[in-house]
Amino acid sequence: MSELSIRKTAYSVEDIFHEGGPKPLCSLRRGSAMAVIHNPFAGRYVEEIQWFMEDLKPLGLQMAEKLIALLGGPDQIEGYGKGAMIGEDGELEHGALWHAPGGYAMRQLIEPSNAIVPSTKKVVGIGGYLDVPITHINASYVRSHFDSIEVGLNDAPRKNELSFILVMSTGARIHNRAGGLAATDIEGKDGLR
Amino acid sequence: MTAQIRKIAVNVEETHKEIGRPISPATRKAVAVAVIKNPFAGQYVEDLGDLMEIGAELGTFLGRKCVEALGISAREAESYGKSAMVGENGELEHAAAILHPKLGAPLRKEVEKGAALVPSSKKMGGPGQVLDVPLGHKDAAYVRSHFDGIEVRLNDAPRANEIMVAVAVTDSGRPIPRVGGLKAKDAVGEDGLR
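Conventions we followed
Residues numbered from 1 in each chain as written. Chains lettered and ligands numbered in written order. Predicted model: local features only at pLDDT ≥ 70, side-chain atom pairs only at ≥ 80, totals over all residues. Helix = DSSP H or I, 4+ residues; strand = E, 2+ residues; numbered from the N terminus. Rg over C-alpha atoms; globule rule 2.2 N^0.38 Å. Buried ≥ 20, exposed ≤ 12 C-beta atoms within 10 Å, placed from the backbone. Contact = placed C-beta atoms within 7 Å. Core = buried A, V, L, I, M, F, W, Y, C linked by C-beta atoms within 7 Å. Axes fitted to C-alpha atoms, helices over the stretch in contact; angles between N-to-C directions. Parallel < 35°, antiparallel > 145°, perpendicular 65-115°, else oblique. Left-handed = near helix turned anticlockwise from the far one by under 90°.

Asks: I'd like a description of the overall build of chain A, backed by residues and values.
Replies: On a plain count of helices and strands, chain A comes out with 3 helices and 7 strands. Computed over C-alpha atoms, the radius of gyration of chain A comes to 17 Å, within 12% of the 16 Å expected from 2.2 N^0.38 for 193 residues, which places it in the range of a compact globule. When each of the 193 residues of chain A is scored for burial, the buried share is 50%. Looking at chain A alone, contacts between residues at least 24 apart form 78% of all its contacts between residues at least 6 apart.

Shown next as structure tokens:
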């Protein structure tokens, strides 16, 4: 039986039209999805934790589907990332359970998506914030798409909770001009270039 | 152009106990941060070359600070990351110019090899705001035990015309890694991924 107990979800979308320079043809849309769930391992050391990743798979898919829809559909997504915040009675390692269900949910729904999903995680008190990194979905070295989104909720995670996060973007940074590999020049399928 | 640095800070974090269990040897993370003047604050400048040069300089400077603070040799470094927070008179693209074109290569020299992409984050922010630096294994990005991050915060930075640049280096993964995936000892470390 699933141990998954969701207390709260939060979705956020922002549109960026310019940042002081020439206004681009298309605005950039970025979004985040967060689920605050009960941590079944809070308050004690549990050796075997990997079974919980199975419980998290449907949650990952549900969050990815909703976020993709908010950003205009799978063909609009060009960047992604994921993160986890662990309430204080948990352990950093509990956040690492999100790597597979969070990452592969997005990669299953966004095709192709050859690049590794960048991530970060930390143990926080209530009201903690996390800067979730973003990279291009098909080539990690695409410089124009390196970005990140800050996420947080004033009332989460409580000490026995986990906040799991997915983030996506629809394009490059506004006014990007730092050079490097361009999205139009992605070569192969190795996920890097 | 050389960076005009107002201040630097280096933090080392050690974890000796996690969820009641002793961690021996302790896992250790270092983050070095420089607060620099933003040469392009308050104006739109097309060519960001000066900031790219500053990035190269800070890759060496901050990478070395971390390795020194951990008291390890370059080859003992296991994961790394980089981040920048731009004060409100700057532009997000200024962080990109510092971090992405030229900071990585000199940082890799400081930690020896460094086949993997250096994970990064960037944002606009004001004094006292938190910057989370992502961490990943330096030679094989898929090593699951080394996905982590470290927070850095300075109460007085970045001011509006400043940029806060951070580099993080560790000599270890998470305290008690056990979510499977590629192990550091099984990583080939040639393609940067596995």
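There's more to say after this.
Asks: Can you break down the nonpolar core residue by residue, with the values?
Replies: All names here are of chain B. Of all hydrophobic cores here, the largest spans 100 residues; its most connected members are Ile-98, Val-165, Ala-166 and Ala-168. Sorting elements by how many residues they give to this core places helix α1 (residues 49–70) first, with 9 residues. Those residues within four positions of Val-165 in sequence are excluded, and the remaining contacts are Val-33, Ala-34, Ile-36, Leu-58, Leu-62, Ala-84 and Ile-98.

Asks: I'd like a rundown of unusual backbone geometry, residues and numbers included.
Replies: Backbone torsion omega between Glu-111 of chain A and Pro-112 of chain A reads -5°, so that peptide bond is classified as cis. A cis geometry characterises the amide bond from Ala-156 of chain A onward to Pro-157 of chain A, with omega recorded as -5°. The topology assignment puts Pro-157 of chain A in the loop between β6 (147–152) and β7 (161–169). Backbone geometry places Ile-19 of chain B, a non-glycine residue, at a positive phi of 45°. Its place among the elements puts Ile-19 of chain B in the loop between β1 (5–18) and β2 (21–37). In this structure, Lys-113 of chain B is a non-glycine residue whose phi angle is positive, near 70°.

Asks: Quick one: what's the story with the packing of α1 of chain B against helix α3 (residues 104–111) of chain B, residue by residue and with numbers?
Replies: All names here are of chain B. Contact geometry of α1 with α3 gives a least axis separation of 7 Å together with a crossing angle of 25°. Considering the angle they form, α1 stands roughly parallel to α3. You can see that α1 and α3 cross each other, and the crossing is right-handed. Only Gly-104, Ala-105, Pro-106, Leu-107, Glu-110 and Val-111 of α3 make contact with α1, whose side of the interface consists of Ala-56, Gly-59, Thr-60, Gly-63, Arg-64 and Val-67.

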